[in-house]
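Inside the fold
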2 protein chains.
Amino acid sequence: MSASSITDRFPNWVRAAALGLAVALSSSGQALAEADPLPSWRDGAAKTAVLGFVETTTDPASPKFVVEDARVAVFDNDGTLWAEQPVYFQFLFALDRAHEMAAADLAWAATPALKAAAAGDVAAVLAGGEAALVELVSATHSGMSVEAFTAEVAAWLAEARHPTTGKRYTEMVYQPMLELLDFLRAKGYETYIVSGGGVDFMRAFAEPAYGIPPENVIGSLGNASFVVVDGEPRVMKDPGIAFIDDKGGKPIGILRHIGRRPVFVAGNSDGDLAMLQWATAGEGARFGLIVHHTDAAREYAYDRESHIGRLAEALDAAAASGWTVVDMAADWARVFPGDPAE
Amino acid sequence: MSASSITDRFPNWVRAAALGLAVALSSSGQALAEADPLPSWRDGAAKTAVLGFVETTTDPASPKFVVEDARVAVFDNDGTLWAEQPVYFQFLFALDRAHEMAAADLAWAATPALKAAAAGDVAAVLAGGEAALVELVSATHSGMSVEAFTAEVAAWLAEARHPTTGKRYTEMVYQPMLELLDFLRAKGYETYIVSGGGVDFMRAFAEPAYGIPPENVIGSLGNASFVVVDGEPRVMKDPGIAFIDDKGGKPIGILRHIGRRPVFVAGNSDGDLAMLQWATAGEGARFGLIVHHTDAAREYAYDRESHIGRLAEALDAAAASGWTVVDMAADWARVFPGDPAE
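Residues numbered from 1 in each chain as written. Chains lettered and ligands numbered in written order. Predicted model: local features only at pLDDT ≥ 70, side-chain atom pairs only at ≥ 80, totals over all residues. Heavy atoms only, no water.

This part is about the overall build of chain A. From N to C terminus, chain A includes 16 helices and seven strands. Its C-alpha atoms give chain A a radius of gyration of 21 Å, within 12% of the compact-globule value 20 Å for 342 residues. If one aligns the C-alpha atoms of chain A with their principal axes, the spans along those axes are about 70 × 50 × 40 Å. Long-range pairs, those at least 24 residues apart, make up 67% of the contacts in chain A with a sequence separation of at least 6. For chain A, the computed accessible surface area is about 13800 Å², with 58% contributed by carbon and sulfur atoms. Positive and negative side-chain charges of chain A, numbering 26 and 45 respectively, have mean locations separated by a distance of 2 Å. (Helix = DSSP H or I, 4+ residues; strand = E, 2+ residues; numbered from the N terminus. Rg over C-alpha atoms; globule rule 2.2 N^0.38 Å. Contact = heavy atoms within 4.5 Å. Areas by Shrake-Rupley, 256 points an atom, 1.4 Å probe, with all protein chains shown as cover. Lys, Arg positive; Asp, Glu negative; His and termini not counted. Charge placed at Lys NZ, Arg CZ, Asp CG, Glu CD.)

As structure tokens, this is what we get:
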């Protein structure tokens, strides 16, 4: 996607070795080290806080130093690393799949929720509440192996375009957050996604889009089963939800997967409140970051009243908790990778 | 634990950089590269197969070369990395905890299963079947935060001794497997535990014992909840089992956690059959290894009729599947780290 994320396709040790070589061989090592790691962030309190935190936690002489093994950074995905309006992109994928499946099999859309989905009627599906959403996800995200599903998502991402911007969905990642991911990794932080989205869906793009490999993606889980068909063993995606990685599920998902309390945590909605609270309550240096969508011109402006990514309790808690609230309109010089810096 | 596992406390890139430096600066680089990486393995078919596989999958000129990102190696724990007789060590931990909890609260052992556990009556607990085991695990593995539980396990491991060998449980890890883990990591493989044991239990010792960090431990999961008590956010261990990482659960657990099909898979029982089948059915080079407990003198001899670690179907499938069966008595010059080489 971006030039910076391409470098993440190399394993950490290659990049570390390359950096070491550059410092050893070149008299410009100092100049390199002083280049702005966050060029799409405008100077201000948020950028200063991020840079200061990473500096102090990676300086062995600092009382706030964090050993490299403990440098765990977790990021929500929808609304934190890429956009989430007018509805979650995974929901738009499910609608497109419903449309295809209904066209291939006229009997497929047998319920009101599936009929609405096949017709692309977002409002009607949402009116059905959580039951309709679970039905839609079950019907469109099951009946194939995990690997076949991820390949379908990748194929969809290569073709589909966002309904209002006309961009590819993977072009709607936030350039400032890509820079932050790169910067944290360059400083020895391990970066993870912790999202309410489906883990198999996200793994279709997390590595090329963010430099986050499959094993660092934590998300909601569908039911699954192991079967051997004609001698071929497969893990199948089954109907039903096994685990929802949202709200209180996020700290649980993090502990189950990583087994450590993160040092750096970023989110954008009340779904991230529990992980913000839990991570930043840990001993030693901790950093909580909230992306506040304030930019109706370049992206979207929403918070307390939004049906997607509602941000109220977490925003209220931010000041008392010492979390950094990023004002997208004020703090970011650029939103999407293709945009000009302003 | 062992000298070799100490080196694993350094991150991969430090070891890779150190290796690169050694090769570049020293004329003894060639000699270093030729040192036997598996000194506790006797020369034979198993050792030759392991060395040959790692050599061909890490040689860029080989048609079986595997890129570093895909070098995923998974290991069962009980009976594969450490001993599991006379019963799983986690079960012995649960018995000790039941004894303590019953002593502290006379009303605690209110059911036949808990009474038997508190009295250390292994046979009576096992006679209660899976229901008694779930009851015992629920009662002894819940009611505290995940972090407090792991600290309790660590304290137990520091004191408790195996009922027949008198060793610490962490002294009953297999030296040849420690060498194999080290060798794979030195060759760019990422090593994981994939065990039916509880993930929070294993994380108490996996890193010091095996050099496997918390985020690379995959296991069975108990129920959990997020709570805020007196302003302190915690993830609590609750009664009940959320996921059993055994048999068909192992491929599911691997895909949920890693999102990749392993290249190298090691187990010792029919509980590992599904992950052996699934991993080695993948395209390209794959390696399946079964530790066969044939050594009544130095460890234990058991397979088809054992109540723990039953090995029958997987043993029958090994030849046709091309898996390497390690004959512990014949193939290992040493079993536990403290033993003399024979």
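Okay, the relation of the copies chain B and chain A next. Its rotation angle being 180 degrees, the transformation that places chain B on chain A also includes 0.0 Å of axial translation and leaves an RMSD of 0.0 Å. The transformation relating the two chain copies, once decomposed into turn and shift, fits a two-fold axis. An overlap of 100% is found between the interface residues of chain B and their copies at the interface of chain A, pointing to a shared contact surface. (Least-squares fit on C-alpha atoms with pLDDT ≥ 70 in both.)

Below, the discussion takes up unusual backbone geometry. All names here are of chain A. The peptide bond linking Gln85 to Pro86 adopts the cis configuration, its omega dihedral lying at 0 degrees. Within the element layout of this structure, Pro86 appears in the loop between β1 (72–75) and α5 (89–104). The backbone of Lys247 shows a phi angle near 50 degrees, a positive value even though the residue is not glycine. Relative to the helices and strands, Lys247 is located in the loop between β4 (232–243) and α13 (249–257).

Attention now moves to the packing of α5 of chain A against helix α9 (residues 146–159) of chain A. When two helices pack together, their arrangement is given by the angle between the helix axes and by the axis-to-axis distance. All names here are of chain A. Running from N to C, α5 and α9 point in directions that differ by 100 degrees, and their axes come no closer than 11 Å. By the angle class used here, α5 and α9 are roughly perpendicular. Seen from α5, the contacting residues are Phe89, Leu92, Phe93, Asp96 and Arg97; seen from α9, they are Phe149, Glu152, Val153 and Trp156. Looking at side-chain class alone, the contact of α5 with α9 contains six nonpolar, no polar and three charged residues. (Axes fitted to C-alpha atoms, helices over the stretch in contact; angles between N-to-C directions. Parallel < 35°, antiparallel > 145°, perpendicular 65-115°, else oblique. Nonpolar A, V, L, I, M, F, W, Y, C, P; charged D, E, K, R; others polar.)

Taken residue by residue, the interface counts 39 residues in chain B and 39 residues in chain A. Interface area, chain B with chain A, both sides summed: about 3300 Å², of which 58% is carbon and sulfur. At the junction of chain B and chain A, the tally comes to four salt bridges. One salt bridge in this structure joins Glu147 of chain B and Arg261 of chain A, with 3.1 Å as the shortest N-O distance. The tally of links between chain B and chain A comes to 14 residue pairs in polar contact (both at pLDDT 80 or more). If you list the elements that add at least two residues to the side of chain B that touches chain A, you get α2 (12–25), α9 (146–159), β3 (217–229), β4 (232–243), α13 (249–257) and α14 (273–280) of chain B. Sorting elements by how many residues they give to the side of chain B that touches chain A places β3 of chain B first, with seven residues. When its residues are assigned to classes, the side of chain B that touches chain A shows 21 nonpolar, seven polar and eleven charged. (Buried area = accessible area lost by both parts, 1.4 Å probe. Salt bridge = Lys/Arg side-chain N within 4 Å of Asp/Glu carboxyl O. Polar contact = N/O pair within 3.5 Å; in protein donor to acceptor, adjacent residues only side chain to side chain.)

Attention now moves to the sheet that holds strand β3 (residues 217–229) of chain A. Backbone-to-backbone hydrogen bonds join strands into a sheet, with any given pair of strands oriented parallel or antiparallel. All names here are of chain A. Strands sit in the order β4-β3-β2-β1-β5-β6-β7 across an open sheet of seven strands; the sheet is mixed. In this open sheet, the two strands that pair with only one neighbour each are β4 and β7 (324–327). Neighbour to neighbour, the strand axes of the sheet diverge by 30 degrees on average, direction disregarded. Relative to strand β2 (residues 190–198), β1 runs parallel, the two sharing four bridges. Across the sheet, Val74 pairs through a bridge with Tyr192, a residue of β2. (Pairing = 2+ DSSP bridges.)

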